[in-house]
Amino acid sequence: MQVPFLSFVPQHQLIREEVLAAVARVYDSQWYVLGESVTDFEQQFAAYCNVSHAVGVANGLDALHLSLKALDIKPGDEVIVPSNTYIATWLAVSYVGATVVPVEPNPTTYNLDPTQLETAITPRTRVILPVHLYGQACQMADIMDIANRYEINVIEDNAQAQGAICRGQRTGSFGQLNATSFYPGKNLGALGDAGAITTNNADLARKVQVMRNYGSQQKYYNEIIGHNSRLDELQAAVLSVKLKQLDYWTSQRQQIAGLYNQALEGVGDLKLPEIAKECTHVYHLYVVNTQSRDALHKWLQERSIGTLIHYPVPPHLQQAYSHLGFKAGQFPIAEASAKTVLSLPMWPGMTTEHVEYVVRAVKDFFAR
């Protein structure tokens, strides 16, 4: 048997005809940028996230970048970011010239640790940027309590956790602005790059709408120096179709995770995903932790089981950030995760047979 790390086949078979019809409508409309499809999806996604506004942009990194610009973050400002995240979170801060201030994750959830936030706050701290990593909702109630106490803005990076919940509230609805990616592999994925910003603040939504479109509300009249970062009509039409299936696909991910959890409990030194109190996990990734990560990765690969490492090098040790002078050992939890985490296959449509094959292979590895 072969078990790919990710397969779109079951999802896309389910919605193939509806997607093709939606694409045909856009094709025939002869309006391909900032038209009805984008407006409709923005309204649908805002409603899904329980916010007042959603603004479609070109990708998730642009969503983070424009969110920071909308809050007027600039050189000299500090932005608290996780030490354990994909580099895009840090890149957005660099784009506005602000200073990244890494904070270590909770080692059980891999997410930003609220108990460490206050020691990182200075008079120059302008934003806390939590990332709902792997699909696990951050402890947003605690983060918001701290942010409100110090009058600091929050921007959620919700790229991996669309539909997750903390204390009954959707991720992507806590911060002043919140960014998400619809890269194809995300839980809600387009057929190419796409992203969005969500907010309950009408003024901030308007600022982002102007920035994404060359700084213009009216064609050829430019209020500010803007960007070209627009969600296109074709991707919006596809996302509208997929959004209707998102909760169904999430339930499948959670069922698959339940099978993994039950079968792999107590196997070797595996550390399985843990869910933070009063939060949910939508399992964008199913990430295990083992001191034998590289050997297990190779073992599964030899048995036609796809796995990935999220992420092998933490941002502070990337060459791109060597100028900041961070050293190995400075963020030990992030560094330990980089050496020990492994993502097992996870996608809607995985069968019980797929899961059982993966589980048998993992058990065989530890039984050697």
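For clarity, every value in this text was computed on a predicted model and none was experimentally measured. Along each chain, residue indices are assigned from 1 in the same order as the chain's sequence is written. Confidence filtering applies because this is a predicted model: local features only for residues at pLDDT of at least 70, side-chain atom pairs given and counted only at 80 or more, and all residues used for totals across whole chains, interfaces and linings. No hydrogens and no water enter the side-chain calculation; it runs on all heavy atoms of the structure.

Trainee: Is there a simple way to explain the pattern of salt bridges in this structure?
Mentor: Opposite charge on two side chains makes pairing possible when the charged atoms of those side chains draw close. We count a salt bridge whenever a side-chain nitrogen from Lys or Arg sits within 4 Å of a carboxyl oxygen from Asp or Glu. Tallied over the entire structure, the rule returns 14 salt bridges. In this structure, Lys244 engages Glu18 in a salt bridge whose closest nitrogen and oxygen atoms are separated by 2.3 Å. Residue Lys244 is located in the loop between helix H8 (233-243) and helix H9 (246-264), and its partner Glu18 is located in helix H1 (residues 9-29); the two are separated by 226 residues in the primary sequence. With a closest N to O distance of 3.0 Å, Glu223 and Arg206 form a salt bridge. Here Glu223 is found in the loop between strand E11 (221-222) and H8, whereas its partner Arg206 is found in helix H7 (residues 202-212), with 17 residues between them in sequence. Because the salt bridges share partners, they merge into one network encompassing Lys74, Asp77 and Arg126. Helix and strand definitions follow DSSP, with helices as H or I runs of at least four residues and strands as E runs of at least two, each counted in order from the N terminus.

Trainee: Can you walk me through the packing of helix H10 (residues 293-302) against helix H12 (residues 352-367) in this structure?
Mentor: When two helices pack together, their arrangement is given by the angle between the helix axes and by the axis-to-axis distance. Every axis corresponds to a line fitted to the C-alpha atoms, with the helix fit spanning only the stretch in contact, and the corresponding angles, defined between N-to-C directions, vary from 0 to 180 degrees. Axis separation between H10 and H12 bottoms out at 10 Å; the angle between their running directions is 130°. Taken together, the axis directions place H10 and H12 in an arrangement best described as oblique. For the pair H10 and H12, the crossing hand works out as right-handed. For the pair formed by H10 and H12, the contact residues are Ala295, Leu296, Trp299 and Leu300 on the first element and Ala361, Val362, Asp364, Phe365 and Phe366 on the second. Under the grouping applied here, Gly and all other residues not named as nonpolar or charged are polar, the nonpolar ones being Ala, Val, Leu, Ile, Met, Phe, Trp, Tyr, Cys and Pro and the charged ones Asp, Glu, Lys and Arg. Residues of the contact of H10 with H12, tallied by class, amount to 8 nonpolar, no polar and 1 charged. Orientation categories follow fixed angle ranges, with anything under 35 degrees roughly parallel, anything over 145 roughly antiparallel, 65 to 115 roughly perpendicular, and all other angles oblique. The sense of a crossing depends on the near helix, which, turned anticlockwise from the far helix by less than a right angle, makes the crossing left-handed and, turned clockwise, makes it right-handed. Contacts are assigned to residue pairs with any non-hydrogen atoms lying within 4.5 Å of each other.

Trainee: Just to check I follow, could you spell out unusual backbone geometry for this structure?
Mentor: The phi angle of most residues is negative, glycine excepted, and most peptide bonds adopt the trans form. A cis geometry characterises the amide bond from His310 onward to Tyr311, with omega recorded as 10°. With respect to the element layout, Tyr311 can be found in the loop between H10 and helix H11 (332-340). For Gln30, which is not glycine, the phi torsion reads 60° and is therefore positive. Here Gln30 is to be found in the loop between H1 and helix H2 (36-49). Each residue gets one of three labels from its accessible area relative to the maximum for its type: buried under 20%, exposed over 50%, partly exposed in between, using a 1.4 Å probe on protein chains only. Residue class for Gln30 comes out exposed when judged on its relative accessible area of 64%. The phi dihedral of Asn50 is positive, around 60°, even though this residue is not glycine. Among the secondary structure elements, Asn50 is positioned in the loop between H2 and strand E1 (53-57).

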